[in-house]
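Below are the chains, spelled out letter by letter.
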Amino acid sequence: MKISELHKLFLASSGISTDTRKIKEKSIFFALKGENFNGNTFAKEALKLGANYAIVDEKINIENKKIISVENVLSSLQQLATYHRNYLKLPIIAITGSNGKTTTKELIHRVLSQKFNAKATVGNLNNHIGVPLTLLSFDSSTEIGIVEMGANHQKEIEKLTEIALPDYGYITNFGKAHLEGFGGVAGVIKGKSELYKHLQKHDKKIFINADDELQLELTENSNTISFSEHKKADYTIKTLSSSPTVIVESENTTIKSNLIGNYNTKNIAIAIAIGSYFEIEINRIKAAIESYLPDNNRSQIIEKNNNKIILDAYNANPTSMAAALESFKLIDANRKIVILGDMFEIGKTSKEEHQIIIDKLKEYNFDEAFVLGKDFKKTEINSDKIQAFQTFEEFKDYFKKESVKKSTILIKGSRGMKLERVLELL
């Protein structure tokens, strides 16, 4: 079946389904394959549950006109997404980077929604399956699409740009994330800047932080839209405070966010710059940013039992961990406690990077620090204020005996550490 014909079926459907446990009535089921599942085996069930059609790439032992055979289901999903994107002809903003992608996406979405019917990536659907699903969630009423792109290997962003064909792009930063897959920091820079290369090749617009020398270098002679705090740029956004929440100023307007840490200043700044570029009034930009409350364990501020908790347990890498500690150091509080979990996907540099974090804890001299996980357990600590635990259970047994009151607590670790569990102990 041609993609154009499949697209007609898609327009007449209720959308795309890829999981029979969440099947949508009158949807099109795409029988995707993974390491531990084969969607082809669920094609019949999808139809029974109400799907209009099932797209398969293996022989199904049933005569049914609603089962459509293609060479590769994933490839067909991606081609359909690109076809749909071209059919809608709407502007697409692509966002990638080592840290802050999701927060940046949410802020931009909030700002653009002040004027447009803007739609954005839901959750973290930012890979080779998530990006097509995001594009296919846009419809004729969508005026601007915001697509988050994640990657942990080179050539992945290149593939995602070929699917989404963005008109605008922004890279939050180049940090020490997914070092194992990218092969080091140089590999991260090369992999993430595949977004720049796509935009440059097609003469599309690139949003850049002009205070970042590397971004300036990589986008030289490109079609750029810049923001800065210190240099001449298209938009000037100044940081007034980041202790604990970020307050910025733009166009003589003070914007008080609910985001903590100076590492969030640039995430807020790009949202202001993009809003200004799309001619949204500064007061409406202010309203959008000030109404945004972080959730899903990302930079959440929680008050519990006379303690102020900064929960940033969605993910962690050496760059974001160092930034979080730097910001926490600047917060004015009577008693500061840090609880950190292992950083994953660092590869050969894991021992070195975890030791760097321990050394920062020593330097900042917080009142107490607890580090959890096998990688932190291997570090050299030599400090009475830092305690290491190999497992969460070991930490739990110790910590539940502690009397923690009137303290400011930072909790941060990789997703697999599930450090939001600490809340139950406070």
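Overview of the structure. Given the structure is predicted, the values throughout are model-derived calculations rather than measurements.

1. So, the packing of helix H11 (residues 265-277) against helix H12 (residues 282-290)
Relative placement of two packed helices is described by the angle separating their axes and the distance separating the axes.
At step 1: Interhelical geometry of H11 versus H12 gives an angle of 145° and a closest axis separation of 10 Å. As H11 runs across H12, the sense of the crossing is right-handed. Along its contact with H11, which presents Ile268, Ala271, Ile272, Gly275 and Ser276, the element H12 presents Ile282, Ile285 and Ile289.
At step 2: Residues of the contact of H11 with H12, tallied by class, amount to six nonpolar, two polar and no charged.

2. Description of the pairing of strand S20 (residues 408-412)
At step 1: Counting buried positions along S20 yields five of five residues, so the element is predominantly enclosed.
At step 2: Of the two faces of S20, the one carrying Thr408, Leu410 and Lys412 and the one carrying Ile409 and Ile411 are both buried.
At step 3: Pairing analysis gives five bridges linking strand S16 (residues 307-312) to S20, with the strands arranged parallel. Within S20, the residue paired with Ile310 across the bridge is Leu410.
At step 4: As judged from the five bridges shared by strand S17 (residues 336-341) and S20, these two strands associate in the parallel manner. What sits directly across from Leu340, in S20, is Lys412.

3. What about helix H9 (residues 194-201)?
At step 1: Within H9, burial applies to Glu194, Leu195, Tyr196, His198 and Leu199.
At step 2: Buried residues belonging to H9 abut strand S5 (92-96), helix H6 (156-164), strand S8 (168-171), helix H8 (185-192), strand S9 (205-209) and helix H10 (213-218).
At step 3: Count one or two residues on from H9 and you reach Asp203, which has phi positive near 55°.

4. Concerning the pattern of salt bridges
At step 1: Applying the stated criterion across every chain yields a total of 19 salt bridges.
At step 2: Where Lys105 meets Glu148, a salt bridge forms, and the shortest distance between an N and an O atom there is 3.5 Å. Highlighted residues: Lys105 in helix H4 (residues 101-112) and Glu148 in strand S7 (residues 144-148), separated in sequence by 43 residues. Of the two residues examined, Lys105 and Glu148, each falls in the buried class.
At step 3: Lys155 serves as the salt-bridge partner of Glu158, at 3.4 Å between the closest nitrogen and oxygen.
At step 4: One connected set of salt bridges, linked through shared partners, spans Lys33, Asp57 and Glu58.

5. Some thoughts on empty space enclosed by the protein
At step 1: Inspection of the entire model under this criterion finds two cavities of 30 Å³ or more.
At step 2: Each pocket or cavity is described by its volume, and for the largest cavity that value is around 50 Å³.
At step 3: As for the largest cavity, its lining consists of Ile260, Gly261, Tyr263, Ile310, Ala324, Ser327, Phe328, Ile331 and Leu410.
At step 4: For the lining of the largest cavity, the element with the most residues is helix H13 (residues 318-330), which contributes three residues.

6. Focus on the sheet that holds strand S12 (residues 238-242)
At step 1: The strand order across the open sheet built from three strands is S12-S13-S14, with neighbouring strands paired in antiparallel fashion. In the strand order of this sheet, the two ends are held by S12 and strand S14 (253-260), each with one partner. This sheet shows a mean twist of 25° between the axes of neighbouring strands, independent of strand direction.
At step 2: Its contacts with the sheet put H11 on S12, strand S13 (245-250) and S14, and the angle it makes with S13 is roughly 35°.

7. Describing the layout of surface pockets
At step 1: In this structure, the largest pocket encloses a volume near 1400 Å³.
At step 2: Lining of the largest pocket is provided by 47 residues; of these, Ser98, Asn99, Gly100, Lys101 and Asn317 occupy positions nearest its centre.
At step 3: Every element with two or more residues in the lining of the largest pocket is listed here: H4, H6, H11 and H13.
At step 4: Residues of the lining of the largest pocket, tallied by class, amount to 10 nonpolar, 26 polar and 11 charged.
At step 5: In this structure, the second largest pocket spans a volume of roughly 370 Å³.
At step 6: Along its surface, the second largest pocket is lined by 16 residues, and Ile16, Thr18, Lys24, Leu125 and Leu133 are the ones closest to its centre.

8. Focus on the pairing of strand S18 (residues 368-372)
At step 1: With five of its five residues buried, S18 lies for the most part within the structure.
At step 2: Side chains of S18 alternate between two faces, with Glu368, Phe370 and Leu372 and Ala369 and Val371 buried alike.
At step 3: Alignment of S17 against S18, held across five bridges, turns out to be parallel. Considered in S18, the bridge of Ile337 is made with Glu368.
At step 4: In this fold, S17 hands off to helix H14 (residues 350-364), which returns the chain to S18; that crossover is right-handed.
At step 5: With four bridges connecting them, S18 and strand S19 (residues 386-389) associate as parallel partners.

Calculation rules
Residues numbered from 1 in each chain as written. Predicted model: local features only at pLDDT ≥ 70, side-chain atom pairs only at ≥ 80, totals over all residues. Heavy atoms only, no water. Axes fitted to C-alpha atoms, helices over the stretch in contact; angles between N-to-C directions. Helix = DSSP H or I, 4+ residues; strand = E, 2+ residues; numbered from the N terminus. Left-handed = near helix turned anticlockwise from the far one by under 90°. Contact = heavy atoms within 4.5 Å. Nonpolar A, V, L, I, M, F, W, Y, C, P; charged D, E, K, R; others polar. Buried < 20%, exposed > 50% of the residue type's maximum accessible area, 1.4 Å probe, protein only. Pairing = 2+ DSSP bridges. Salt bridge = Lys/Arg side-chain N within 4 Å of Asp/Glu carboxyl O. 1 Å grid on protein atoms, 1.4 Å probe; cavity = no way out; pocket = protein on both sides within 12 Å on 5 of 7 lines; lining within 4 Å. Points joined across faces, edges and corners; volume = space filled by probe spheres on them. Right-handed = clockwise from strand over helix to strand, strands pointing away.

Just geometry here; none of it tells us what the structure is for.
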